[in-house]
Structures are given as C-alpha cells and as structure tokens.
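Coordinate inspection notes
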Amino acid sequence: MKLPIYMDHHATTPVDPRVLEAMLPYFTETFGNAASRNHVFGWEAEAAVDEARHQIASAMNAVDKEIVFTSGATESDDLAILGAARMYRQKGNHVVTGQTEHRAVLDTCEALQKEGFEVTYLPVDRRGRITPEELRAAMTERTIVVSLMLANNEVGTIQPIVELASVCRERGVLFHTDAVQGFGKIPFDVELMHVDLASVTAHKIYGPKGVGALYVRSKNPRVRLSPIILGGGHERGLRSGTLNVPGIVGFGKAVEICMAEMETEARRLRLLRKRLHEGIVSRVEDVSVNGPPVPEVAEDGSLAPGEREERLPGNLNLSFAGVEGEALLMGLRDVAVSSGSACTSASLRPSHVLKALGVPDDLAHASIRFGLGRWNTEEEVDFTVEAVERTVKRLRAMAPMKVSSPAP
Ligand code: PLP
C-alpha cells in the first residue's frame, strides 16, 4: 500500500490511464482546431469532438446537438442559470434553488439578485432533501428557472429529481440540475427525469480538469439561452472559444468507462463505505453521520430490492464530537480527506451544507468528508479506520471538551 491515501474523490479524481491514452494523440499528432473547416487536421479534430459529444449525450439519453462543451461545471452552471434567466426575463424574474447547492450555483443566483431577480433558497430536511410540495409552494407566476442538484458534493444526498422536475414541467418552468457529482455514478436520464438543463464535468469522473458540458434541451421545450462568452460562435453560438479537443476526447472516454462500470463500481464502493463506517463507529465513540443514513447492503454490495439510493455510493460524512475537523485533518496526514467542500475549505466558516441540514456549529466544525473512489482498497480503508481512531482519541485526550450530543 502506497501512502498518502487519496480519499477525497468529490473534490477531484485522478485521470484513468485509459482516458489519458485516448487523449494523448490529440496533443501532438491530431492537434487540429475543430473549427478549421478546410483541412484534414481540422476534420480529424472535429470528428473526435463529435464522437465525445455522442458518448456524453447517449450516457444521459440526450441527442448529440444538445451537448455544449464548456471549461467545467462552474461555467456550465453559470451559463445555464444566467443564460436562462436573462433570456426569459420578459416571462418573469423569479428563480428557485436550494440552500445546499454548490457555490457555482449559489454565487450565480446572488449575481442575479443584483440584476433585479428574486431568488428563493429552499431549505432541506435533515437528510438534505427537498420535497416536491415545498418546491410547488415556492413557485409563483413569475418563476422562470429552478436549479436543484442531482447529488450533493458534501453529504452525497441524491435529490428526488424526477419528482422535482415534474413539478416544473407541469408549470412550464425550466428545470436545471447540477449533475456533477451524480453523472457517471448513478443513473441519470434527461428524458425520464424531465430535465431541461444539466451541468457535468470531466474531472469528477476520472477525466481531465478544465472541461465540462451543459446539456440544453432542444425540443419539448426548446430551451434558449443568452450566451455568457461571446466571440467566434462556437457551440452553436452558446459558448464561443476554441474547443479543448484532448480534454473533450478524455471526457468522452471517461463517461464511456463510467457507464460500462457503473453498477459494479457502485457495489464495490458501497461495500468499502460500509467497511469504513462500521470500522470507525465500532472503535470511536460519539460519531454521527451527516446526511442520509448509510444503507444496508447485501454481500455483493447491492441495495435491498426496492430500496432507493439516497446517498452517493462513495460518500461518507461524519462528525466526531469534541474534535476540531481541521485538527483531525492535520492528524490524518497520510489520508487525504476533506472537511466540508474543498472549494470553501480555505474559510473557517462551518459548511453551509451542514448548517442547512441543521447540524450544530460545533459538530459541523468536527466533520470529515470521505470520498471513496475507483482505486481505493480494503487495505486503505482499514488503514484509514486505524488512523481516525488514533487521531480522534489523541485529540480528545489532549483537549477534553464538553461534547454536545451528536445529531440523531
Ligand atoms: N458543482 C458541484 C456539485 C461540484 O461538486 C463542483 C466541483 O467542485 C462544481 C459544480 C464545479 O465544477 P468544476 O470544478 O468543473 O468547475
């Protein structure tokens, strides 16, 4: 076993060697600009982009022309929300989102408020879920876009997207989902789920960083967007700029692998998570799970028949009462995990996600997010359990503090 161990796969993932291999020729040999229409270098690059577009579209049951390549999901979220709100402004000025969304969505909604839009930030229950009834109650005659994530990046909550999007469909309101953490890991189908706009990114699914896509529905209804990057008219005018051909090829390959391995990967990750969770709670006291409960799994890692997956298979988020999460991270030197979202871990505010779930501040500060991924092993999990036990016990012995009771 090699140290340090990487267990932070919600932040990013290593590039799968099969993905890298697919990308390599597009840096040096087949390096053309996909927009060059008058020579073979351009045609080859365009053909490679077309293939990747097809791989990504078919993985979510979309048609190829509905995929717009971007620099990543932050840009996809921005394009979806700003682009739709500005385009449909004459219809209304109200946008609905959730309190546990990623900053890419929340900051964009705040920017819309400065442009005069009204935004409702829906609360969540203790598991991080929003109900269709709450969404329906929040919508008004002026609502034009709803943006709710497929799966949460901190606590792994999987939203009931079909039910939520159906409410929007009934009312003729556009439904956007930040599908970053779920795409390639759990089933995602834009037709079955009535999704109009969906953001995805390569680097969370063993593809390269800096490449993402936005799904934009082309019929029933045809979604129109006001572009946020202008110049050149690439991607049907929705996102100008020379395409990142090697990145796009890698994204397509990464999606293809995820789709082929989704079920086996999910089972393996559920079993590893069970081992991690049971290992920790059997050795350490006063540990609470943040977000949905960790599900029972069969020996082969499958869920009980009829049981709905409520939490991403590789996600575990725990609070260790009486211990500072940052101190725990320092103590766990050989295991890369995260306290809250990597994007906000520079600030010491308790995670907005845990706060929205109703986790008290002291327990939110005492939380660790484990993100298991493709190459984690049982041996690594066992090492992590021991490291957590050792570190928590040492920290508690050093600074015995009044422990508030863990969230139920
Ligand atoms: N949305 C979610 C849920 C994420 O987890 C992330 C990653 O941090 C993003 C959006 C941003 O994606 P990207 O890094 O591709 O901009």
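Residues numbered from 1 in each chain as written. Predicted model: local features only at pLDDT ≥ 70, side-chain atom pairs only at ≥ 80, totals over all residues. Heavy atoms only, no water.

Brief notes about helix H7 (residues 161-171)
Among the residues of H7, Ile161, Leu164, Ala165, Val167 and Cys168 are the ones counted as buried. One side of H7 holds all its buried residues, which, seen down the axis, span an arc of 145 degrees. Looking at the buried side of H7, the elements it contacts are helix H6 (132-138), strand E5 (143-147) and strand E6 (174-178). Just past H7, the residue glycine 172 takes up positive phi, approximately 70 degrees. (Buried < 20%, exposed > 50% of the residue type's maximum accessible area, 1.4 Å probe, protein only. Helix = DSSP H or I, 4+ residues; strand = E, 2+ residues; numbered from the N terminus. Arc of directions from axis to C-beta. Contact = heavy atoms within 4.5 Å.)

Some details on the sheet that holds strand E8 (residues 212-216)
Pairing between the strands of a sheet is mediated by backbone hydrogen bonds and can be parallel or antiparallel. The seven strands are arranged E2-E8-E7-E6-E5-E3-E4 in an open sheet whose pairing can be described as mixed. Strand pairing shows two members of the sheet lacking a second neighbour, strand E2 (67-70) and strand E4 (118-122), which therefore form its edges. Taken over all neighbouring pairs, the strand axes of this sheet differ in orientation by 20 degrees on average, direction set aside. Both strand E3 (residues 94-98) and E4 contribute to a ladder of five bridges, which runs parallel. (Pairing = 2+ DSSP bridges. Axes fitted to C-alpha atoms, helices over the stretch in contact; angles between N-to-C directions.)

A closer look at the sheet that holds strand E9 (residues 287-289)
Sheet architecture is open: three strands sit in the order E9-E10-E12, paired in antiparallel fashion. Each edge of the open sheet is held by one strand with a lone partner, namely E9 and strand E12 (367-371). Geometrically, the sheet is characterised by an average inter-axis angle of 30 degrees between neighbouring strands, direction not taken into account. Where strand E10 (residues 315-320) and E12 come together, five bridges link them in antiparallel fashion. Across the sheet, residue asparagine 315 finds its bridge partner in E12, namely glycine 371. In this fold helix H8 (residues 245-283) packs onto E9, E10 and E12, with an angle of close to 10 degrees to the strand it touches most, E10.

Overview of the side chain of asparagine 376
In this fold, asparagine 376 is placed in the loop between E12 and helix H12 (378-398). Polar side-chain contacts of asparagine 376 include one of 2.8 Å to the side chain of glutamate 380. (Polar contact = N/O pair within 3.5 Å; in protein donor to acceptor, adjacent residues only side chain to side chain.)

Describing the domain arrangement of the protein chain
Domain boundaries assigned for the protein chain yield domain 1 (5-11 + 262-398) and domain 2 (17-255). With centres defined by C-alpha atoms, the gap from domain 1 to domain 2 works out at 28 Å. Taken together, the two surfaces of domain 1 and domain 2 that pack against each other cover about 2,700 Å², and 53% of this comes from carbon and sulfur. Here domain 1 and domain 2 share three salt bridges between them. In this structure, glutamate 310 engages arginine 127 in a salt bridge whose closest nitrogen and oxygen atoms are separated by 2.8 Å. One can count 14 residue pairs in polar contact (both at pLDDT 80 or more) joining domain 1 with domain 2. Listed by contribution, the elements that provide at least two residues to the side of domain 1 that touches domain 2 are H8, E10 and helix H10 (352-356). (Domains from an automatic or database assignment. Buried area = accessible area lost by both parts, 1.4 Å probe. Salt bridge = Lys/Arg side-chain N within 4 Å of Asp/Glu carboxyl O.)

Details of the site of the ligand
Taken together, 14 residues lie around the ligand, and Thr74, Asp178, Gln181, Thr201 and Lys204 are the ones closest in. Between alanine 73 and the ligand, the recorded distance is 2.9 Å, taken from a backbone N or O atom to an oxygen atom. A distance of 2.7 Å is found between an oxygen atom of the ligand and a side-chain nitrogen or oxygen belonging to threonine 201. When isolated, the ligand has an accessible area of 400 Å², and the protein chains bury 88% of it. In terms of residues, the shell around the ligand owes the most to one element, helix H4 (residues 73-87), which gives three residues. Residue classes in the shell around the ligand are distributed as four nonpolar, seven polar and three charged. (Near = heavy atom within 4 Å. Areas by Shrake-Rupley, 256 points an atom, 1.4 Å probe, with all protein chains shown as cover. Nonpolar A, V, L, I, M, F, W, Y, C, P; charged D, E, K, R; others polar.)

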